[in-house]
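Spelled out from the first residue to the last, the chains are:
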Protein chains: 4
Amino acid sequence: MAIRALVWGENVHEQESPVVAELYPDGMHNQIARLLGEEGGVETRTAVLQDPEHGLREQVLAETDVLVWWGHAAHGAVEDEIVERVARHVWEGMGLILLHSAHFSKIFKRLMGTPCALKWREAGERERLWVVNPRHPIAAGLGEYFELENEEMYGEPFSVPEPLETVFISWFQGGEVFRSGLTYRRGAGNIFYFRPGHETYPTYHDATVGKVLRNAVKWAHNPQARYPGVHDAPNVPVEAALEPIEERGGKLHEAGQEGFR
Amino acid sequence: MAIRALVWGENVHEQESPVVAELYPDGMHNQIARLLGEEGGVETRTAVLQDPEHGLREQVLAETDVLVWWGHAAHGAVEDEIVERVARHVWEGMGLILLHSAHFSKIFKRLMGTPCALKWREAGERERLWVVNPRHPIAAGLGEYFELENEEMYGEPFSVPEPLETVFISWFQGGEVFRSGLTYRRGAGNIFYFRPGHETYPTYHDATVGKVLRNAVKWAHNPQARYPGVHDAPNVPVEAALEPIEERGGKLHEAGQEGFR
Amino acid sequence: MAIRALVWGENVHEQESPVVAELYPDGMHNQIARLLGEEGGVETRTAVLQDPEHGLREQVLAETDVLVWWGHAAHGAVEDEIVERVARHVWEGMGLILLHSAHFSKIFKRLMGTPCALKWREAGERERLWVVNPRHPIAAGLGEYFELENEEMYGEPFSVPEPLETVFISWFQGGEVFRSGLTYRRGAGNIFYFRPGHETYPTYHDATVGKVLRNAVKWAHNPQARYPGVHDAPNVPVEAALEPIEERGGKLHEAGQEGFR
Amino acid sequence: MAIRALVWGENVHEQESPVVAELYPDGMHNQIARLLGEEGGVETRTAVLQDPEHGLREQVLAETDVLVWWGHAAHGAVEDEIVERVARHVWEGMGLILLHSAHFSKIFKRLMGTPCALKWREAGERERLWVVNPRHPIAAGLGEYFELENEEMYGEPFSVPEPLETVFISWFQGGEVFRSGLTYRRGAGNIFYFRPGHETYPTYHDATVGKVLRNAVKWAHNPQARYPGVHDAPNVPVEAALEPIEERGGKLHEAGQEGFR
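Anyway, here's the lowdown on the structure attached to this text. (Residues numbered from 1 in each chain as written. Chains lettered and ligands numbered in written order. Predicted model: local features only at pLDDT ≥ 70, side-chain atom pairs only at ≥ 80, totals over all residues. Heavy atoms only, no water.)

### Examining the overall build of chain A
Let me state the cut-off plainly: Counting from the N terminus, the helices are DSSP H or I runs at least four residues long and the strands are E runs at least two residues long. Each residue's exposure class comes from its accessible area (1.4 Å probe, protein chains only) as a fraction of the maximum for that residue type: buried when under 20%, exposed when over 50%, partly exposed otherwise. By the convention used here, residues are in contact when the closest approach between their heavy atoms is within 4.5 Å. Under the convention used here, a 1.4 Å probe and the Shrake-Rupley method define accessible areas, while residue burial counts only the protein chains that appear.
Secondary structure summary: chain A contains seven helices and nine strands in total. Dimensions of chain A, computed from C-alpha atoms along their principal axes, come out at roughly 70 × 40 × 35 Å. Buried positions account for 66% of the 261 residues belonging to chain A. Excluding contacts between residues fewer than 6 apart, the proportion of contacts in chain A whose partners are at least 24 apart in sequence is 72%. When the accessible surface of chain A is summed, it comes to about 8,400 Å², and 49% of that surface belongs to carbon and sulfur atoms.

Pasting the structure below:
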């Protein structure tokens, strides 16, 4: 059964910047969706900031295996309530792939619990991404490295938590390095941050980038049913204990009472 | 120079529950502070929810090396703005120790980016904490395990991110297990979650618990100056690149312009 | 295409202990292989210590996706050269699953770089394995916990490196806990340690254990081609540098010379 | 009390290569020892390959808090028995710092359980080490990066296990990147791999390198007593169980018998 990917695009620069509009006449989200669909096995829909509820209604998320997120200028325009909704789905098992400037998206900062800051330079310089974890599923089919002749520079320090695994590290022509492919697991959800993708360069027309995105969607997909229990803090009554015990000592809660949150 | 610890107590149960008031007549925060001060090298102050700004004014945090947090019934009463202030100080290098029911505190959930849920039972049962990382600084001076004859049970799954290191795992009489000592680093801040400490039991009168808390404060202390740069996303102008490069390709930002956040 | 699993059994206790022979009349390896084959998708062969080269000839390993290892009394009888051969295949991408007393196998200690010691008690006590990482692929289809009414106790501290992820933690009736499901990646190879499986109890007749083993084989399988480059330390000649550089400073190696190992 | 550091040098190139002899007339080990002693708090001795038992007698290691290792041409000349002895001390709590070409030392490969391979080029090119974990103890007092104008290039992929934390990542002039500062914990021992230090360049005359080495020694130092229990696999007799249990089921071991190893 095909993996159900949802590509979310901010869809602002495409409307406002002629440079971006020329590169991505159908919008970046549609071009990313096209890359995901290129080899089959992934069924792709798109949603944009301007859609009602940003295109991220409960039902849409419930039918999404992996959400791919590109945003930049309008991070602040994403409703907090919808950010919480997306976070909830990630914790319950929806995969999430954050692209480039999504390092500063509300959803990424929400899930990382850190500032997610970095340095940057928009100079169209050369980026070379080294595979530091060969044969990782996200690097499947890649060589030792791949290059993007024109990219924005992102430089360390990148204030994110230590990842589960580092997959890519970038070399930049101007002298910086960056951890460009990082995996995390939050609740039952697999998360991948992938650095490249500045809107003024043809990054999402690059075949290797397409390969990485498809790999990432497959890696992030958790085929098991959602896990709503990730939020629960159930009381286990004394009489239901797996081993027989007797109640002792002082008590704060009445029997069967809910805990504080 | 002594480590400057600040013990934050919710100070609600001590006022409302006779059981708790009897165990902790001066409040839990004062008893925890007493434990921290027992061997010297730690200078301890306290703050409570009821203080102006919860006792967590900017200046107070700026002079705090390690913040120790106990809360339960009134997580929701902690102002969001102050939670963000505490998070900022952690990212900049303040240590943070979360005790027991602080698993559901706003600050812990904020820094973890996950629900931090668990199962529980208030039956005064036996807890045995096994040291799974012997000679870890937080386990200094401990034997293979220590016991608390009466504790609340917390059971897995505990929905937190994979820790940097697991220090303690608890065995409960009623049949559950729990990862009771977990370390994290977020930005420049060291974070330790320590499970025991239910308000209706004399846990903070236990000598080994005191030892662990003192160890944890020392471990969490980052003696380096705060790191305000953790939040910054500076632009590096082309002409300031460490290696000479020439600007190429399309541009979105004017020279010297700030990035989007 | 089916995953090619190879179950390696020491096959000593089955020959020498009537208790074990009665539980596993065809040998433990054959019963484990049976479990792996129960739902299709896994093609299973077996090999035993007593086979020529312990049944682990180069060609056999080259055709193995995941090796499952059970050993106990005869760890020392496994040839060092064959241990190195297995390690090489793991680094190149072969999955490896270590069962129970294989914590002290040469191959596990070789790959962990630590003593891999633990405490133990053979009392047929109750073990309850808690899933601490719900919806992890290895826990697919499991509830919150599962029980084995009679098992050997293994107790912490378990002297292994901090794992990539902890999947299971065991509660034991006699008062101990143990990290019973641990994942590692070494080179391109996925490694899973799974605690249960004492030879004098019917553990490998348990349906949930079978489920875990099948899950683990699927998780450990790296579908990409082997990665022989994991061992290589190639010299990159100056003239082949990806960015033009000129040789400077003192030199130890002649052009094209091999490095020291 | 001062930390007792032991600097181990292979001491081969200094004798055979005029380039190296000129840079390090007293041997690299003595220059490294000098760096360690520059700010006080560290008491330094040295040992070389050519010493009896390579200068690593049991008593010497027992009195060593942190061992610093530089080797290259003669990895193979280090006795296996002594490698095991060093590993034992690391597991029991001795810190270990591996410098540059020590990535291929027997002791590093022994503790990592992986090939520890990488690519290299001896061209005296520029290396810029970025601090990716600001305010980590090993990066104390450093700026955002530091440069070594002439260094050997080491390039990814570096076949080591995922580290506990990544502290430095290097940018190389010729186009490669490398994880140049990696922390591990094996047993009770803290391990740090630090990339720079090619023998034909004046790396160990660099002030920042000296600072990193001193920081690393302090970080790696475990002030607690050695932990010989890391190797032990004690049997816990049924009658000594912490919770009362009764023996059930089949048995392999007689009461009080040792386990298999």
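Next comes the rest of the description.
### Re the interface of chain C and chain D
Our working rule: In this description, buried area is defined as the sum, over both parts, of the accessible area (probe of 1.4 Å) that is lost when the two are combined. Any Lys or Arg side-chain nitrogen located within 4 Å of an Asp or Glu carboxyl oxygen qualifies as a salt bridge.
Counting residues at the interface gives 71 residues for chain C and 72 residues for chain D. Summing both sides of the interface, chain C and chain D together bury roughly 5,400 Å²; the carbon and sulfur share of this comes to 59%. The three residues of chain C that bury the most area against chain D are C:W120, C:R248 and C:L252, which together make up 14% of that side's buried surface. Here chain C is connected to chain D by two salt bridges.

### As for the interface of chain A and chain B
The accessible area lost on association of the parts is a frequent measure of interface size. Spelled out, the test is: A 3.5 Å cut-off defines polar contacts: any pair of N or O atoms within that distance qualifies, except that in protein one atom must be a possible hydrogen donor and the other a possible acceptor, and neighbouring residues in sequence count only when both atoms are side-chain atoms. The classification used treats Ala, Val, Leu, Ile, Met, Phe, Trp, Tyr, Cys and Pro as nonpolar, Asp, Glu, Lys and Arg as charged, and all other residues, Gly among them, as polar.
In this complex, chain A contributes 71 residues to the contact, which on the side of chain B involves 72 residues. The largest per-residue losses of area from chain A upon contact with chain B belong to A:W120, A:R248 and A:L252, which jointly make up 14% of the total buried on that side. Scanning the region where chain A abuts chain B turns up two salt bridges. Between B:E149 and A:R248 there is a salt bridge; the shortest N-O distance is 2.9 Å. Counting across the interface, chain A meets chain B through 27 residue pairs in polar contact (both at pLDDT 80 or more). No other element matches strand β5 (residues 119-131) of chain A, which puts eight residues into the side of chain A that touches chain B. Per-class residue counts for the side of chain A that touches chain B are 29 nonpolar, 22 polar and 20 charged.

### Overview of the packing of aromatic side chains
Going by this rule: Two aromatic rings, drawn from Phe, Tyr or Trp (for Trp, its six-membered ring), form a pair once their centres lie within 6.5 Å of each other, and the interplanar angle then sorts them: stacked below 30 degrees, edge-to-face above 60, tilted otherwise.
The full count for this structure, using the stated rule, is 46 aromatic pairs over all chains. On the basis of an interplanar angle of 55° and a centroid distance of 5.3 Å, the ring pair of C:F158 and C:Y193 is categorised as tilted. Separated by 35 residues along the polypeptide, C:F158 in the loop between β6 (145-155) and β7 (165-172) and C:Y193 in strand β9 (residues 189-194) bring together distant segments of the chain. Where D:Y154 meets D:F178, the ring centres are 5.7 Å apart and the plane angle is 70°; that geometry is what we call edge-to-face. Pair noted here: D:Y154 is in strand β6 (residues 145-155) and D:F178 is in strand β8 (residues 177-186), with a separation of 24 residues, a long-range link.

### Quick notes on the packing of helix α3 (residues 28-37) of chain C against helix α7 (residues 207-220) of chain C
All names here are of chain C. Spelled out, the test is: Lines fitted to the C-alpha atoms define the axes, with helices restricted to the stretch that makes contact. Angles between their N-to-C directions range from 0 to 180 degrees. Orientation categories follow fixed angle ranges, with anything under 35 degrees roughly parallel, anything over 145 roughly antiparallel, 65 to 115 roughly perpendicular, and all other angles oblique.
Across the interface, α3 lies against α7 with an axial gap of 8 Å and an inter-helix angle of 75°. Taken together, the axes of α3 and α7 are roughly perpendicular relative to one another. Facing I32, L35 and L36 of α3, the residues of α7 in contact are G210, L213, R214 and V217. Among the residues making up the contact of α3 with α7, the classes are represented as five nonpolar, one polar and one charged.

### Overview of α3(C)
Most of α3(C) is tucked away: seven of the 10 residues are buried. Residues of α3(C) that are buried: C:M28, C:H29, C:Q31, C:I32, C:A33, C:L35 and C:L36.

### Remarks on helix α7 (residues 207-220) of chain D
All names here are of chain D. For the record, the criterion: Given the number of residues in a helix, its expected span is that number minus one, multiplied by 1.5 Å.
Helix length check: α7, at 14 residues, gives a terminal C-alpha distance of 20 Å against a target of 20 Å (1.5 Å per residue), a fit within 8%. Buried residues dominate α7, accounting for 10 of its 14 residues. Measuring from the side-chain oxygen of the N-cap residue of α7 to the backbone nitrogen of T208 gives 2.9 Å; that N-cap residue is D206.

### A short note on the relation of the copies chain A and chain B
Here is the rule: Overlaid copies result from least-squares superposition on C-alpha atoms, with residues included only where pLDDT is at least 70 in both.
Take chain A, turn it by 180°, move it 0.0 Å along the axis, and it overlays chain B with an RMSD of 0.0 Å. The superposition operator between the copies reduces to a two-fold rotation axis. Of the C-alpha atoms belonging to chain A, the one lying closest to the rotation axis is found on A:G113, 2.5 Å away. Of the residues that chain A buries at the interface, 100% are likewise interface residues in chain B, meaning the two copies contact each other through the same surface.

### Regarding the environment of D:Q257
The topology assignment puts D:Q257 in the segment after α7. Once the C-alpha coordinates of D:Q257 and D:R4 are considered, the two residues, 253 residues apart in sequence, prove to be 40 Å apart. Apart from residues lying up to four places away in sequence, D:Q257 is in contact with C:W120, D:N235 and D:L252.

### Topic: the state of the cysteines
Basically, it comes down to this: Two cysteine sulfurs form a disulfide in these notes if their separation is within 2.5 Å.
As enumerated under the stated definition, the model contains zero disulfides over all chains in all. Of all cysteine sulfurs, the one in A:C116 lies closest to B:C116, which takes part in no disulfide; the gap is 16 Å.

### Some details on the relation of the copies chain C and chain D
Superposing chain C onto chain D takes a rotation of 180° combined with a translation of 0.0 Å along the rotation axis, leaving an RMSD of 0.0 Å. The overlap is high: 100% of the interface residues of chain C also sit at the interface in chain D, so the same surface is used on both sides.

### What to know about empty space enclosed by the protein
Note the following rule: In the cavity and pocket records, a cavity denotes points on a 1 Å grid over the protein atoms alone where a 1.4 Å probe fits but cannot get out, a pocket denotes an open set with protein on both sides within 12 Å along at least 5 of 7 lines, and lining residues are residues with an atom within 4 Å of a point. Grid points are joined across faces, edges and corners, and a volume is the space filled by probe spheres set on the points.
Tallied over the entire structure, the rule returns four cavities of 30 Å³ or more. Taken as a whole, the largest cavity spans an internal volume of roughly 180 Å³. Around the largest cavity, the lining comprises 18 residues; the ones closest to its centre are B:V132, B:N133, C:F158, C:V160 and D:G187. Looking at the lining of the largest cavity, the elements that each hand over two or more residues are β7 (165-172) of chain B together with β8 of chain D. A breakdown of the residues in the lining of the largest cavity according to their chemical character gives nine nonpolar, four polar and five charged.

### What about the side chain of B:S180?
Residues and elements named next belong to chain B. Within the secondary structure layout, S180 lies in strand β8 (residues 177-186). Relative accessible area serves as the criterion here: at 0%, S180 is assigned to the buried category. Side-chain polar atoms of S180 contact the side chain of S170, separated by 2.5 Å. Non-local contacts of S180, meaning those with residues more than four positions away in its chain, are made with E127, L129, F168, I169, S170, Y193, F194 and R195.

### Considering the sheet that holds strand β9 (residues 189-194) of chain B
Residue and element names in this part refer to chain B. Spelled out, the test is: Any two strands with at least two DSSP-identified bridges between them are counted as paired.
Taken in spatial order, the nine strands line up as β2-β1-β3-β4-β9-β8-β7-β5-β6 in an open sheet, and their pairing is mixed. Only two strands of the sheet have a single partner each, and these edge strands are β2 (42-48) and β6 (145-155). On average, adjacent strands in this sheet sit at an angle of 25° to one another, irrespective of strand direction. When strand β4 (residues 95-99) meets β9, the two strands line up parallel, connected through four bridges. Across the sheet, residue I97 finds its bridge partner in β9, namely F192. Across the sheet, helix α3 (residues 28-37) is in contact with β1 (3-9), β2, β3 (66-70) and β4; its angle to β2 comes to roughly 170°. Packed onto the sheet, helix α5 (residues 80-92) meets β3, β4, β8 and β9 and runs at close to 115° relative to β9.

### Observations concerning the environment of A:E63
Residue and element names in this part refer to chain A. Here E63 lies in the loop between α4 (58-62) and β3 (66-70). Spatially, the C-alpha atom of E63 lies 15 Å from that of A87, the residues being 24 residues apart in sequence. Excluding anything up to four places from it in sequence, E63 contacts R4 and R45.

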